[in-house]
Amino acid sequence: MLAVSIVLQPLTLNAQEAALNAATGTPRIARPSDQVLVVRGAKIYPISGPPIENGVVIVRAGKIEAVGAAGSITAPTDARVIDATGKVLMPGIVDTHSHIGIIGNPPVAANVDANEGSGPVQPQLRAIDAINPSAAGVRIANAGGITTANIMPGSGNVIGGQTAYVKLRGQTIEEMLIPGTIGGMKMANGENPKHYGRRDQAPMTRMEVAALARREYTKAQEYKRKWDDYNKAVAAGSKDAKAPERDLGLEALVQVLDGKRIVQHHTHRADDIMTVVRIADEFHYRVVIHHGSEAYLVAEELAKRHIPVTLTIVDSPGGKLEAMNVNEHAAAILEKAGVKVAINTDDDINSSRFILREAALAVRGGMSEQGALRALTINGAEMLDLGDRVGTLEKGKDADFVILSGPPFGVYTKVLETWIEGEKVFDRRNPADLRYATGGYDVAGRYPKFDAATVGGAQ
Amino acid sequence: MTRPSLRCVLLSVVVLASSHTVLAQKIAVVADKLYTITSEAQGQPGVILIENGKITAVHMGSNVPAGYTVMHAVYVTPGLIDAKTTAGISGAYNIPADQDQDEQSEPNTADVRALDSFNPREMLLEYINTYGITTIQAAPGITNPIAGQAGIFKTVGPKTVGPTVDQLAVKPVSAIVFNLGESPKEFYGKKDKAPTTRMMTAAIIREGLLNAQAYQKKWADWNASEKKDPTKQPSRDLKLEAISLALRGDVPAIFNAYRADDIDTAIRLAQEFKLKLILSSVTEGYLETQVIKQSGAAALVGPTLQRLESIETSNASLEDAAILAQAGIAVALMTGFENYVPKNRVLLFEAGVAAGNGLGFEGALRASTIDAAEILGIADRVGSLEAGKDADVVLYDGDPFEYTSHVTAVVVNGKLSYQRE
């Protein structure tokens, strides 16, 4: 075991605060500090440019003020300084597909609210009405280096509901939500929505899955036209124009048609992916392919339409028929074809603490390290329309970053600290935080006194 | 993806077929960093000589005698051992047609054998072979309190030709498997059948063991009788015979347990019936290392990459293997079973997680080779690279546990089973 010495400057906490943090984990502050923060000494992967050895990041009011090599930028003298010499610093990871908080821990029925099983079309549902910000999954994701997530309903419905673009901090969903965002629209095809067939209900075939989607978007087109006509009439001064009846589901689908909401589409098999593409073309909406187990088989089709893919990377094919052609070279093939690729956890399918590992497996399969780093950061950010806010370390962007103990894709590398908008949300040195990284957070108090030099705490 | 031309395919088949013939005879594996596991020097340049399926010699340096086909790699280790999995009796598809690991018809199925469900042609076995796993203990699933008989098998790779399940078996019957915790009571509870509580699960196991004790005595008495009257000969009972294997200590008793108190139950039952106890899963084992250490039980730990979908697995720790090993408990690693979109089929990755979470490189390597072999009682054949042992060798282009390294070739019983294209 490599013993990693800790040289980071400790936070100045009073004893009471420190004791509380040790018991409950790093606080979930959602309000950026006014004090300027300087992180120096790390090898920085800004993603927007080449890596910087011995770099410096300056943060003010939750935003990045400057990033550069030591000596090239000047930090204010009254700043709080974090020494990250010998460490690696990268942007906070963006998870484009997560169910944390909407599938709790453990994911037993009482904690699971991902799939409204009463019918296959649910565009009116909002993930924000089911996400539990106190779920362990949020802290586990921080332990994995994730700072931004798209938390979604499940894949049991053709139209599953409205997703939420959030920062992984805060005590309420309102504190988590990224201001100005309305989330995406979750859709699914292939095997999962066909489960209604077991109850002798539609859909029981892929044909009906597609027909349901087309029917709803046709209704949404008509609904939009009615409202457009009404708004035009009002604008023209009509006094007797009657407002159409509001429909919460169709309203959300109109946002899709208007390009305000991206369809985040669960789909595995190549023919299912092409069905997604066909319907998106018909209704002219923006779509991101999620999972995309066989996307590598239609890489050229996706590349020429500029449709991005966010992959869920698992260790082996199967477990379900539509994932039988899972291929460790998928990310590399898509990258080579010019498809924009992100890597997601689909937590609880993959645990959020393993997202760097997933990207490492993509590198194992031939993806470039640079491509894999982009797949964890800016590419995902762009798939959520958040590319101007997160995903790289650039002046003006949110100060979301991760400090690693070593190379991003090393099996021995640990996430040491995770920061969101200039506030630390995870610190591996904090015993309570550590247990979200290793597991055992519910029984931390019973944890034995093992040698911290070789296990756990040292890293 | 570009499809290779037919000519190309034919050419490679010819080359591989011929190389396979040669490789089946005499192979020299030359390593920049050789990990024999058991010899003094580890991670030094070295050579493994293979003939007729066995390792004939191991020496340091890089000299190869004449007449050997040479294979070279940066890292070389023994074939990896998955100490408990359902691979081979469960298939990759996860549909009823390829799932034969759980006989859910009654809670005591001691007479069922993994051997009789094991499909050597299962693609999952070929898949894990390409990640260096050459030996597995295939065990019945987690539903039944008395689940049946595990078996230890070699794996076949994409290039392996022909062995039957009987030829692959290292130990056709390697352990009797018992299950505690949520699974038995949840499955049978839903059908309003016993067990619906942990109490009943333990009671079913104790009853089975008591009946087997009585059965053994009946036979002992009859065997000891002078006349051996055929009319008084006890009738055979395959379930009780199987449980007797564990009672006599012919095979270990594997108790699958997650929660700490279920681990305690396993120890309590094993002590009552003087079983050779191996714990599997051992999820909360890190909370009571001293209890496990004192029981003398070995621990098959894992899998860490599996979804933590039950209450009894929700305290799983990535450091479990490290903490148990540090307490002096014999630790091997296992992949078990995950149904929907599994992540835990590749022992190499489980070993990587263990290596990175306190067990370290050498600890993880031992846990997936010699320590597993010793716990499973097969160290005379596998688990290290020594003259006389089976020639199960894995070649890598970097640190085996680094996610970005690759297995470049796998040799099982002296034959090439996989080669990276």
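Just so you know, these numbers come straight off a predicted model, no measurement behind them.

### Some points on the nonpolar core
Right, on to step 1. A:Leu168, A:Tyr217, A:Tyr285, A:Leu302 and B:Phe255 are the most contacted members of the largest nonpolar core, which has 194 residues in total.
Right, on to step 2. Excluding anything up to four places from it in sequence, A:Leu302 contacts A:Ile273, A:Val277, A:Ile289, A:Ala295, A:Ile307, A:Val309 and A:Val339.
Right, on to step 3. The next biggest cluster of nonpolar side chains, apart from the first, holds 21 residues, and it includes B:Ala139, B:Ala147, B:Ile152 and B:Ile254.

### Section: the sheet that holds strand S6 (residues 133-138) of chain B
Residue and element names in this part refer to chain B.
Right, on to step 1. Pairing is mixed across the open sheet formed by 8 strands, whose spatial order is S5-S6-S7-S8-S9-S10-S11-S12. In the strand order of this sheet, the two ends are held by strand S5 (80-85) and strand S12 (331-333), each with one partner. On average, adjacent strands in this sheet sit at an angle of 25 degrees to one another, irrespective of strand direction.

### Regarding the packing of aromatic side chains
Right, on to step 1. Within this structure, the stated rule accounts for 18 aromatic pairs over all chains.
Right, on to step 2. On the basis of an interplanar angle of 10 degrees and a centroid distance of 4.8 Å, the ring pair of A:Tyr436 and A:Tyr441 is categorised as stacked.
Right, on to step 3. For A:Tyr441, a relative accessible area of 18% puts it in the buried group.
Right, on to step 4. The residue whose ring lies beneath A:Arg357 is B:Phe349, and the NZ or CZ to ring-centre distance is 5.0 Å.
Right, on to step 5. B:Lys26 extends its terminal NZ or CZ atom over the ring of B:Tyr68, reaching a point 4.8 Å from the ring centre.

### What to know about the layout of surface pockets
Residues and elements named next belong to chain B.
Right, on to step 1. Its volume calculated, the second largest pocket comes out at about 1,100 Å³.
Right, on to step 2. Ile 142, Ser 183, Glu 309, Phe 337 and Asn 339 are, among the 43 residues lining the second largest pocket, the residues nearest its centre.
Right, on to step 3. Listing elements by their share of the lining of the second largest pocket, those giving two or more residues are S5 and helix H4 (182-190).
Right, on to step 4. Residue contributions to the lining of the second largest pocket peak at 5 residues, all from H4.
Right, on to step 5. Classifying every residue of the lining of the second largest pocket by side-chain character gives 12 nonpolar, 20 polar and 11 charged.

### Considerations on the sheet that holds strand S7 (residues 93-98) of chain A
Residue and element names in this part refer to chain A.
Right, on to step 1. The sheet built from 3 strands is open, its strands ordered S7-S8-S10 with mixed pairing. Each of the sheet's edge strands pairs with one partner strand only, and the pair in question is S7 and strand S10 (164-167). Between one strand axis and the next, the sheet turns by 20 degrees as a mean value, whatever way the strands run.
Right, on to step 2. Taken together, the 4 bridges between strand S8 (residues 146-151) and S10 define a ladder with antiparallel strand orientation. Opposite Thr 148, over in S10, you have Lys 167 as the bridge partner.

### Considering the domain arrangement of chain A
Residue and element names in this part refer to chain A.
Right, on to step 1. Taken as a whole, chain A is organised into domain 1 (15-91 + 393-458) and domain 2 (93-383).
Right, on to step 2. Relative placement of domain 1 and domain 2: their C-alpha centres are 29 Å apart.
Right, on to step 3. Taken over both partners, the interface formed by domain 1 and domain 2 buries close to 2,500 Å², and the fraction arising from carbon and sulfur atoms is 63%.
Right, on to step 4. On the domain 1 side of the interface with domain 2, the three residues burying the most area are Arg 28, Phe 409 and Tyr 436, jointly 34% of the side's total.
Right, on to step 5. The tally of links from domain 1 across to domain 2 stands at 5 salt bridges.
Right, on to step 6. Sorting the residues of the side of domain 1 that touches domain 2 by element identifies strand S6 (88-91), strand S16 (401-404), strand S17 (415-420), strand S18 (423-427) and helix H12 (431-438) as the ones contributing at least two each.
Right, on to step 7. In the side of domain 1 that touches domain 2, the residues fall into 18 nonpolar, 6 polar and 6 charged.

Reading guide: rules and limits
- Residues numbered from 1 in each chain as written.
- Chains lettered and ligands numbered in written order.
- Predicted model: local features only at pLDDT ≥ 70, side-chain atom pairs only at ≥ 80, totals over all residues.
- Heavy atoms only, no water.
- Core = buried A, V, L, I, M, F, W, Y, C linked by side-chain atoms within 4.5 Å.
- Buried < 20%, exposed > 50% of the residue type's maximum accessible area, 1.4 Å probe, protein only.
- Contact = heavy atoms within 4.5 Å.
- Pairing = 2+ DSSP bridges.
- Helix = DSSP H or I, 4+ residues; strand = E, 2+ residues; numbered from the N terminus.
- Axes fitted to C-alpha atoms, helices over the stretch in contact; angles between N-to-C directions.
- Phe/Tyr/Trp six-rings, centres within 6.5 Å; stacked < 30°, edge-to-face > 60°.
- Lys NZ or Arg CZ within 6 Å of the ring centre and 35° of its normal.
- 1 Å grid on protein atoms, 1.4 Å probe; cavity = no way out; pocket = protein on both sides within 12 Å on 5 of 7 lines; lining within 4 Å.
- Points joined across faces, edges and corners; volume = space filled by probe spheres on them.
- Nonpolar A, V, L, I, M, F, W, Y, C, P; charged D, E, K, R; others polar.
- Domains from an automatic or database assignment.
- Buried area = accessible area lost by both parts, 1.4 Å probe.
- Salt bridge = Lys/Arg side-chain N within 4 Å of Asp/Glu carboxyl O.

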